[in-house]
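# Coordinate inspection notes
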Amino acid sequence: MPKQYIIAGIGTEIGKTVCSAIVTKALQADYWKPVQAGNLTDGDAYWVQQWVPGTHVLDSTYMLTNPLSPHTAAEMDGVRIVLDAFHLPDTQQNLIVELAGGIMVPLNEHQTNLDLMQHLGLPVILVSKNYLGSINHTLMTYEILKSRNIPMAGIIFNGPTNSSGEAFILKHTELPVLLRVNEEKEINPSIIAHYAESFQR
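Report follows, based on the coordinates. Residue indices follow the written sequence of each chain, beginning from 1 at its first position. Reporting in this predicted model follows two pLDDT cut-offs: at least 70 for local features of residues, and 80 or more for side-chain atom pairs to be given and counted; totals over whole chains, interfaces and linings ignore these cut-offs and use all residues. Working from all heavy atoms in the structure, the side-chain values ignore hydrogens and water.

### Notes on the overall build of the protein
We apply this condition: Numbering of helices and strands runs from the N terminus; a helix is a DSSP stretch of H or I covering at least four residues, while a strand is a stretch of E covering at least two. In this description the radius of gyration comes from C-alpha coordinates, and the expected globular size is given by 2.2 Å times residues to the power 0.38. Whether two residues touch is decided by their heavy atoms; if any such pair falls within 4.5 Å, the residues are in contact. To measure how exposed things are, a 1.4 Å probe is used in the Shrake-Rupley method; for residues, cover is taken only from the protein chains shown. Charge convention: Lys and Arg are scored as positive, Asp and Glu as negative, and His as well as the terminal groups of each chain are ignored. Note that the charge is assigned to NZ on lysines, CZ on arginines, CG on aspartates and CD on glutamates.
Of the regular secondary structure elements, the protein holds 7 helices and 9 strands. For 201 residues, the compact-globule estimate of 2.2 N^0.38 gives 17 Å, and the C-alpha radius of gyration of the protein, at 16 Å, lies within 12% of that figure. Taking the intrachain contacts of the protein between residues at least 6 apart in sequence as the baseline, contacts between residues at least 24 apart amount to 72%. Total accessible area on the protein is roughly 9,900 Å²; 50% of this is exposed by carbon and sulfur atoms. Seen as two clouds, the 12 positive and the 19 negative side-chain charges of the protein have centres 8 Å apart.

Below you can see the structure in the form of structure tokens.
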């Protein structure tokens, strides 16, 4: 049975794409970003391909030209994001799905990434990053996912270490740590491969 996960962050600029690349490498998975907003030629899928050569990148359901919230970017492109348009790719391989932004980012005037996650029905790997307020953001994200009965496979801590903060998060959520990613000066295939070896499958 293929392993399929959604990579979700506690906000934007959390490191979802780097973590998605690492897990994609670790599981030799296909990669899919359902909504790409902006950077259509060198966006997240481009970087995953650069960092994990040979990765099969599946076409996004929506390719939006402006780097904005999906609902705003779609409106500017004259389209409307519809939840029923999203279908899990037909693949027999492991699959990594990267969301656009945090879990409450709006897709249209009524629905958010949270609704998309429920629609897709996959377990979530939560990416957290240490900054002032990140404990609050991590726990709120966890509680929202829990309230919608969305399964969580574990957590990845990305960036600078905060031992006391991480300990509090883990005690509250009881999620397993799947990986810790340090703050790196640059990201390249060697760095991605190094972390992929440490991913807790």
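From this point on, the discussion continues.
### Brief notes about the layout of surface pockets
Gaps left between atoms are located by rolling a probe of water-molecule size over the structure's atoms. Test applied: Buriedness for pockets is judged along seven lines, at least five of which must meet protein on both sides within 12 Å for an open set on the 1 Å grid over protein atoms alone, while cavities are sets there where a 1.4 Å probe fits but cannot get out, and lining residues have an atom within 4 Å of a point. Grid points are joined across faces, edges and corners, and a volume is the space filled by probe spheres set on the points. Residues are grouped as follows: Ala, Val, Leu, Ile, Met, Phe, Trp, Tyr, Cys and Pro are nonpolar; Asp, Glu, Lys and Arg are charged; all remaining types, including Gly, are polar.
What the largest pocket holds in volume is close to 730 Å³. Around the largest pocket, the lining comprises 29 residues; the ones closest to its centre are Thr-12, Glu-13, Ile-14, Gly-15 and Thr-17. Mapped by element, the contributors of at least two residues to the lining of the largest pocket are α1 (16-27), β3 (35-37) and β6 (95-102). Of all the elements, β6 adds the most residues to the lining of the largest pocket, at 4 residues. Residues belonging to the lining of the largest pocket are distributed by class as follows: 11 nonpolar, 10 polar and 8 charged. Its volume calculated, the second largest pocket comes out at about 170 Å³. Around the second largest pocket, the lining comprises 15 residues; the ones closest to its centre are Leu-40, Ala-45, Tyr-46, Val-57 and Met-63. Counting only elements with at least two residues in the lining of the second largest pocket, the list comes to α2 (44-51) and β4 (57-58). Its residues assigned to classes, the lining of the second largest pocket comprises 6 nonpolar, 6 polar and 3 charged.

### Let's talk about α2
The line we're drawing: The classification of residues rests on relative accessible area computed with a 1.4 Å probe and restricted to protein chains. Under 20% of the type maximum is buried, over 50% is exposed, and intermediate values are partly exposed. Along the arc lie the directions from the helix axis toward the C-beta atoms.
Taken together, the buried positions of α2 are occupied by Asp-44, Val-48 and Trp-51. End-on, the buried residues of α2 take up no more than an arc of 70°, which puts them together on one face. The inward-facing, buried residues of α2 abut α1, β2 (30-32), β3, β6 and α7 (189-196).

### Digging into the pattern of salt bridges
What counts, and what does not: Definition used for salt bridges: Asp or Glu carboxyl oxygen within 4 Å of a side-chain nitrogen of Lys or Arg.
The final tally for this structure, using the stated rule, is 5 salt bridges. Across the pair Arg-80 and Glu-109 runs a salt bridge whose closest N-O atoms are separated by 3.1 Å. Linking Arg-80 in the loop between α3 (70-76) and β6 with Glu-109 in the loop between β6 and α4 (113-120), this pair joins segments that are 29 residues apart in sequence. On the accessibility criterion, Glu-109 (53% relative accessible area) is exposed. One salt bridge connects Arg-180 with Glu-166, and the closest N-O pair in it is separated by 2.8 Å. One end of the pair, Arg-180, is in strand β9 (residues 177-181); the other, Glu-166, is in helix α6 (residues 163-173), and 14 residues separate them in sequence. When salt bridges with common partners are traced through the structure, they connect Lys-33, Asp-44 and Glu-98 into a single cluster.

### Topic: the pairing of strand β8 (residues 152-158)
The two faces of a sheet get side chains in turn, since along a regular strand they alternate between them. Selection rule: Any two strands with at least two DSSP-identified bridges between them are counted as paired. When the strands point away from the viewer, a crossover counts as right-handed if the route from the first strand across the helix to the second turns clockwise.
In terms of residue burial, β8 counts as a mostly covered element, since 6 of its 7 residues are buried. Two strands pair when backbone bridges link them, and strand β7 (residues 124-129) and β8 are joined in this way by 6 bridges, in the parallel orientation. Across the sheet, residue Ile-125 finds its bridge partner in β8, namely Gly-154. Each parallel crossover has a hand, and for β7 linked through helix α5 (residues 134-147) to β8 it is right-handed. Alignment of β8 against β9, held across 4 bridges, turns out to be parallel. Each residue of the ladder has a partner; that of Ile-155, found in β9, is Val-177. Crossover β8 to β9 through α6 is right-handed.

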